[in-house]
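Given next are the chains, with one letter for each unit.
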Amino acid sequence: MNIVSIEHISKYFSVNDTQALSDMSLEITKGEIHAVVGENGAGKSTLMKIIHGVEKCDSGNIKINGKTGMVSQHFRLIESLNILENIIIGMEPIKKKFIVDKKKAFEQINEILVFYGFSLNLNTKIKDLSIGQKQLVEIIKVIYNDSDILIFDEPTAALSELEAEKFRKTLLSLKEKEKTIIIISHKIKDISAISDRFTIMRKGRYIETVTTKSVDISDISRHMSGTEIVNPTIDRSIKPGKELFSFIYNNEKITLHESEIIGITGYGDCGLHELEDTLEELSLNNKNIGYVPSDRLSRGVELNSALKETLVAKNPREFSKYGLLNWRKIDTFSKKLITEYNIKGTINCQTGTLSGGNLQKSVIARVLYQKPETYILCSPTWGIDIESANNIYHEIESLKKQKKGILLLSYDAEEVIKMSNRVYILYKGRIISTIKDMSVATPELIGKYSSGIINE
Amino acid sequence: MNNILKKPALLIVILTIVPTVILVFILSKDPIYSLYVFFTGPFSNKFNFGNMLNRTSPLILTSLGAFIALKSNSFNLGGEGQVYLGATVTGLILTNTAFIPSSLSLLLTIVIVLLTTGFVTFVSSILEEKYNVNSLISTYLISMILIYICDYFVTNLFLLENSNILTTKPIPEIFELKSLLPPSSLSSGFIIAVTIVIMFSFLLKNTVWGYEFTISGRNNAFSKSMGINNKKYKILGLTISGALHGLAGYILVTGSYHSVISGFYMNLGWNGLSSALVAGSRPIMILISSLFFSYLDSGASSATVLSDVTIELSTIIKSVIFFVISSKLIKDSLIKKGNKT
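The structure displayed is predicted, hence computed values, not measured ones.

Conventions we followed
Residues numbered from 1 in each chain as written. Chains lettered and ligands numbered in written order. Predicted model: local features only at pLDDT ≥ 70, side-chain atom pairs only at ≥ 80, totals over all residues. Heavy atoms only, no water. 1 Å grid on protein atoms, 1.4 Å probe; cavity = no way out; pocket = protein on both sides within 12 Å on 5 of 7 lines; lining within 4 Å. Points joined across faces, edges and corners; volume = space filled by probe spheres on them. Helix = DSSP H or I, 4+ residues; strand = E, 2+ residues; numbered from the N terminus. Nonpolar A, V, L, I, M, F, W, Y, C, P; charged D, E, K, R; others polar. Core = buried A, V, L, I, M, F, W, Y, C linked by side-chain atoms within 4.5 Å. Buried < 20%, exposed > 50% of the residue type's maximum accessible area, 1.4 Å probe, protein only. Contact = heavy atoms within 4.5 Å. Salt bridge = Lys/Arg side-chain N within 4 Å of Asp/Glu carboxyl O. Polar contact = N/O pair within 3.5 Å; in protein donor to acceptor, adjacent residues only side chain to side chain. Axes fitted to C-alpha atoms, helices over the stretch in contact; angles between N-to-C directions. Parallel < 35°, antiparallel > 145°, perpendicular 65-115°, else oblique. Pairing = 2+ DSSP bridges. Left-handed = near helix turned anticlockwise from the far one by under 90°. Buried area = accessible area lost by both parts, 1.4 Å probe. Expected span 1.5 Å × (residues − 1). Domains from an automatic or database assignment. pLDDT = per-residue confidence, 0-100.

### Details of the layout of surface pockets
Residue and element names in this part refer to chain B.
1) Next: A volume near 600 Å³ is recorded for the second largest pocket.
2) Next: In terms of lining residues, the second largest pocket is bounded by 22 residues, among which Arg55, Tyr257, Phe264, Met266 and Asp297 are the most central.
3) Next: Looking at the lining of the second largest pocket, the elements that each hand over two or more residues are helix H4 (46-71), helix H11 (230-257), helix H12 (268-279), helix H13 (285-306) and helix H14 (312-338).
4) Next: Class assignment of the residues belonging to the lining of the second largest pocket gives a composition of eight nonpolar, 11 polar and three charged.

Structure representation (C-alpha cells):
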C-alpha cells in the first residue's frame, strides 16, 4: 500500500529563478525505508519539504496517508532547555486548563523510550548532548507528535561513524515498529545498509527507483551521480620536504612539511572546531596559508552577494588603484576562475543560488588563486556529492605533487585515512594519539581512539 | 499578484495610497476634490514644488545616514537628537562668530557639526564594542538627552525675545544657502544633499573601502575570515550615520529656517529611517524614497490648506508606511529561509 504518492509535481522558485522540481513522481510503501539520492541541488530537500507540507508545489498531485514529521539537517532544539521540555514544545499535555503536565509528559516519553529501546536521561540539558543524542531527541520529538512518516534530511552528515552506525540501528527499530522512513543521504552506507528501495533524482527530475538488494555498492554510486567512487591514489612515496609551518596545540608541536598531508580528526566536541578557529586566526596574518572553512555557508562565501564579489573577497586591493575598484578587471578574473574550476554559475548571480558543491568549488578556487604554500582544509567534502568530492580529492593530490603542505581537519575518518601521511586524533581537547604508520590505520582504530576507548 | 510581490517598492506605494484614499473618503466632505488637491498640490505651482524639494533635502541626508548605519549592520534610532544637535551647533556658531571672516566660520561650522554629531554616534558604537551596550538602545537614549540639552540652549540661553515661537535669533543673511527657485524656499542644500548621496553611492560601489564596508555589514563571519576588520567598519558606519544627521541639521538651519526653532527637527530622524528601509539596498534609491515621503507630506499640507482634510492625515499615512515596511522585512526573511534547496 502506498502511504505517500506523488504524481508529476513541479516547483519553481522565482527568487533565484530555479526550477527545483519538474514532473517529479515518487511512491512510498507503508513501512519501508526509502532513500532519496542525487547530487547537490537535485531538489531532494525541496521534495521533502513538499511532502512534509512546509512548502507548496505549483502543480501535480500529492496523496499522503498519515502524519509526517521531519528531522532536518540543522536541529531545531533549544539548547538551554532539557530534553523533556524540548520534546513537548507545541504538544504539551495540559492539566487544569493551563498548567503543563510534566509528569504525564514524562510517562508518555518514557513509554516511547522503552518501546523503541532508546536510552536518554530526560532531564539533561540539550547543550550537554552529543550531536547523535541531539538527533535522537529530534527523532523522539517526531514520534511523540504521532508521526507515521519520518523524513530525514542528511541525518548522518554531521555524525561520526560510530554514531551513524547507532543511528542506522535506530532507523531499523523504527521500521520494525511500522513507521515509514524517507531519508536523504549522500553516504552510500546509509543506503546499502538499511534502505529497502531508493529513488534517484537529477536536476529536479525523477530518474528511477531501485530495490537496494538488487544492486551492489558500486552500482549505487553510479546510479547516484553517474560516476564511480574514485579511491584517490595518494602517492605516499613522495617524501616530505622542508618545513613549511608549525603550530602548537595543547603542548604538542605539529609541523607541516612540503608534500605532506596531515590529517586531524576526532568525534563531536573533540576540539576540532576550536583548533579550526585558531588556525583561521593564523591564516589571517600569513599570506602563505590558504584556509578553506568547514562552515562554508557563512565563512566561505557571502550568500547575499554576487558570485564575483565572493571570489575577490580575499584580495580586493589587487583589483584596485588608489582605492578605486576596477570592475572590469574583477569581471575578467571571476570569469577565468569560473571556467577554470568549472563552477556552475555566472559572475553576477547571487552566490546563495549555487549548489553546495559549486559553493565549495568557489571557495577552493579563491584559495588556490592565492597560491599559498600551506593549505588548511576543514571538512572539505562535507555535504558534497560524490563527483564534486572526487574533484576535490584530485585537487589535493595535485597540490601534494606541487610540494604544498596540507592540513586536513575532518570528522570523516575514512577521508583522513585515504589522504594523510600521518593522523592526529583529538579527544576532549587534546591529542589522544598520533598514527604515523598509515598501513595500520583503519576507521575502527580511529573510532576507538576518538571515543576514548583506547588511551595512549 | 505575484508580479507585484516581486517589486516591494511598488507594493509599498500601492499599500500607502489605498488607505490614504479610503481615509480621505471617510474624513472629507468633498473627497474627490481633497484627493485631487492631495495628489496634485505639490506640482500645482513653482512655490509648492520648490517647497517640496526643499523639504526633501534634510530628509535625503537623514535617510542616507540611516542607510549607512543599516549597511554596517547597526540601527541608528537617535536621528532626531542628532539632527537637532547639528542644527543647534550650526545656529549657535553662525549667530556668534561675527568677529571672524564669514567663509572661515562657515567652514568651521561644518567641521564642528560633523565632528560633534559623529562623536555622539561614535560613543554609541564604542559602547557596543567595548561593553556590549546595544547601539539600538544607546543611540536612542543619548538622542533623547541631546534633545533636552539643545532645548535648554534654544529656549533659554539663546532664546529670541519678543517672538511668538521658541526660536534663536536668525543667522546672518550671508550664511543662508543660495535660493534656487524663488519665491519657494528651495535652496542649494538640495544640490548638496543629492551630491552627497551620489558620492556615497560611488564610494560604496567602486572603492575597496565601500566593498569591504558592504561585505562586512552583510556577513561578519565571512569578512572576518577574509581578514576584513569588522570592528572598524561597524564603528565607522555608525559614526558616519551620526555625522550625516548633523549635516541634515545644518541644512535645515541654513537652507530652510535660518534660525534654530525648538522641535523643528520633528520626524526627520524617523522618516529618514523609514525612507532608508523603503530604499532597500541601493543608495541611489534614497533620492526616490525621500522624494516620495516629502511628496506625501507636501500633499497633506496642500490638502490641509485647500480642503477640509487635517494635517493628522499625513501622520496616519506615515504610520501605515511603517507597518507595510516592517511586514516587508518579515517577508524578505521568510523568502530567504524558504528557498534553500
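Having seen the model, we can carry on.
### Looking at the nonpolar core
1) Next: Ranked by size, the top nonpolar core spans 107 residues in total, and within it Leu61, Leu64, Ile68, Tyr84, Leu244 and Phe264 of chain B carry the most contacts.
2) Next: Residues in contact with Leu64 of chain B, not counting those within four places in the same chain, are Ile196, Val197, Phe200, Leu244 and Ile286 of chain B.
3) Next: If you look at the next biggest cluster of nonpolar residues, it comprises 41 residues, including Leu122, Tyr144, Ile183 and Phe198 of chain A.

### Remarks on unusual backbone geometry
1) Next: Phi angles above zero are rare outside glycine, and Glu178 of chain A is one such case at about 70°.
2) Next: Glu178 of chain A gets classed as exposed once you look at its relative accessible area, which sits at 57%.
3) Next: Unlike most non-glycine residues, Asn73 of chain B shows phi in positive territory, near 70°.
4) Next: By the secondary structure assignment, Asn73 of chain B is in the loop between H4 and helix H5 (79-95).

### Quick notes on the pattern of salt bridges
Residues and elements named next belong to chain A.
1) Next: Under the counting rule described, the total for this entry stands at 15 salt bridges over all chains.
2) Next: Between Lys134 and Glu79 there is a salt bridge; the shortest N-O distance is 3.3 Å. One end of the pair, Lys134, is in helix H4 (residues 131-144); the other, Glu79, is in the loop between strand S5 (68-71) and helix H2 (83-88), with 55 residues separating them in the sequence.
3) Next: The exposure class assigned to Glu79 is partly exposed, which follows from its relative accessible area of 37%.
4) Next: Ionic pairing is found between Glu260 and Arg422, a salt bridge with its closest N-O pair at 3.1 Å. On the criterion of sequence distance, the pair formed by Glu260 in strand S14 (residues 260-266) and Arg422 in strand S20 (residues 422-427) is long-range, its members being 162 residues apart.
5) Next: On the basis of relative accessibility, which here comes to 11%, the residue Arg422 falls in the buried class.

### Regarding the environment of Arg422 of chain A
All names here are of chain A.
1) Next: Sequence-wise, Arg422 and Ile261 are 161 residues apart; in three dimensions their C-alpha atoms are separated by 7.2 Å.
2) Next: Contact partners of Arg422, with chain neighbours within four places excluded, come to Thr255, His257, Glu260, Ile261, Ile262, Gly263, Ile435, Lys436 and Met438.
3) Next: Of the polar contacts made by the side chain of Arg422, one reaches the backbone oxygen of Thr255; its length is 2.7 Å.
4) Next: Reaching out from Arg422, the side chain makes a polar contact with the side chain of Tyr424 at a distance of 2.6 Å.

### Observations concerning the packing of H4 of chain B against H11 of chain B
Residue and element names in this part refer to chain B.
1) Next: The geometry of H4 relative to H11 is characterised by a closest axis approach of 7 Å and an angle of 175° between their N-to-C directions. When the axis of H4 is compared with that of H11, the two are roughly antiparallel. Only Gly237, Leu238, Ile240, Ser241, Leu244, His245, Leu247, Ala248, Ile251, Leu252, Gly255 and Ser256 of H11 make contact with H4, whose side of the interface consists of Asn54, Ser57, Pro58, Leu61, Thr62, Leu64, Gly65, Ala66, Ile68 and Ala69.
2) Next: Classifying every residue of the contact of H4 with H11 gives 13 nonpolar, nine polar and no charged.

### A closer look at the sheet that holds strand S21 (residues 430-435) of chain A
The strands making up a sheet associate through backbone hydrogen bonding, with each pair oriented either parallel or antiparallel.
All names here are of chain A.
1) Next: Reading across from one edge, S15-S18-S19-S14-S20-S21 is the order of the six strands in this open sheet, with mixed pairing throughout. Of all the strands in the sheet, the pair left with one neighbour each is strand S15 (289-292) and S21. In this sheet, adjacent strand axes meet at a mean angle of 20° when their direction is disregarded.
2) Next: Relative to S21, S20 runs antiparallel, the two being bridged by five bridges.

### Some remarks on the packing of helix H12 (residues 356-370) of chain A against helix H13 (residues 386-401) of chain A
Residues and elements named next belong to chain A.
1) Next: It is at 10 Å that the axes of H12 and H13 come closest, and there the two elements cross at 15°. With respect to H13, the axis of H12 lies roughly parallel. Relative to H13, H12 is oriented so that their crossing is left-handed. Of the residues in H13, those touching H12 at Gly357, Gln360, Ile364 and Leu368 are Ser388, Ile392, Glu395 and Leu399.
2) Next: Across the contact of H12 with H13, the residue classes break down as four nonpolar, three polar and one charged.

### Here we look at the interface of chain B and chain A
1) Next: Between chain B and chain A, the residue contacts involve 23 residues of the former and 34 residues of the latter.
2) Next: Carbon and sulfur atoms make up 56% of the surface buried where chain B meets chain A, a total of about 2,500 Å² over both sides.
3) Next: Our count for the chain B to chain A interface comes out at three salt bridges.
4) Next: With a shortest N-O distance of 3.0 Å, Glu212 of chain B and Arg317 of chain A are connected by a salt bridge.
5) Next: Applying the counting rule to chain B against chain A returns 11 residue pairs in polar contact (both at pLDDT 80 or more).
6) Next: Among the secondary structure elements, those contributing two or more residues to the side of chain B that touches chain A are helix H8 (189-206), helix H9 (208-218), helix H10 (220-225) and H14 of chain B.

### Overview of helix H7 (residues 135-157) of chain B
Residues and elements named next belong to chain B.
1) Next: Compared with an ideal rise of 1.5 Å per residue, which puts 23 residues at 33 Å, H7 spans 31 Å between its outermost C-alpha atoms and is within 8% of the ideal.
2) Next: Listed as buried for H7 are Ser135, Ser138, Thr139, Ser143, Leu146, Ile147, Cys150, Asp151 and Val154.
3) Next: Buried residues in H7 make contact with H5, helix H6 (102-131) and H11.

### Some points on the domain arrangement of chain A
All names here are of chain A.
1) Next: When the domains of chain A are assigned, the result is domain 1 (2-225) and domain 2 (243-288 + 372-450).
2) Next: Relative to domain 2, the C-alpha centre of domain 1 lies at a distance of 31 Å.
3) Next: Counting each side, the surface lost to burial between domain 1 and domain 2 is near 1,000 Å², with a carbon and sulfur contribution of 57%.
4) Next: Where domain 1 packs against domain 2, one counts zero salt bridges.
5) Next: Inspection of the region where domain 1 meets domain 2 yields zero residue pairs in polar contact (both at pLDDT 80 or more).
6) Next: Of all the secondary structure elements, the ones that give two or more residues to the side of domain 1 that touches domain 2 are helix H5 (161-176) and helix H7 (217-225).
7) Next: Residue classes in the side of domain 1 that touches domain 2 are distributed as five nonpolar, six polar and three charged.

### Section: the confidence of the model for chain B
Residues and elements named next belong to chain B.
1) Next: With 90% of its residues at a pLDDT of at least 70, chain B reaches an overall mean of 84.
2) Next: Segment residues 333-341: pLDDT under 50, and 13 contacts once partners within four positions in sequence are set aside and those in other chains are kept.
3) Next: Scoring of the predicted complex yields 0.75 for pTM and 0.74 for ipTM.

### Looking at the sheet that holds strand S10 (residues 197-202) of chain A
Residue and element names in this part refer to chain A.
1) Next: Read from one edge to the other, the open sheet built from six strands follows the order S5-S8-S9-S3-S10-S11, with strand pairing classed as mixed. Edge positions in the sheet fall to S5 and strand S11 (205-211), since each has one partner strand and no second. On average, adjacent strands in this sheet sit at an angle of 20° to one another, irrespective of strand direction.
2) Next: As paired elements, strand S8 (residues 149-153) and strand S9 (residues 180-184) share five bridges and run parallel to each other. For Asp153, the partnering residue across the bridge sits in S9 and is Ile184.
3) Next: Contacts between H4 and the sheet are confined to S5 and S8, with S5 contributing the most and set at about 170° to the helix.

### Thoughts on the side chain of Ser420 of chain A
Residue and element names in this part refer to chain A.
1) Next: Relative to the elements of secondary structure, Ser420 occurs in the loop between helix H14 (413-419) and S20.
2) Next: Within polar-contact distance, the side chain of Ser420 engages the backbone oxygen of Val416 at 2.6 Å.
3) Next: Not counting residues within four places of it along the chain, the set of residues in contact with Ser420 comprises Arg236, Ile261, Ile262, Gly263, Leu408 and Met438.

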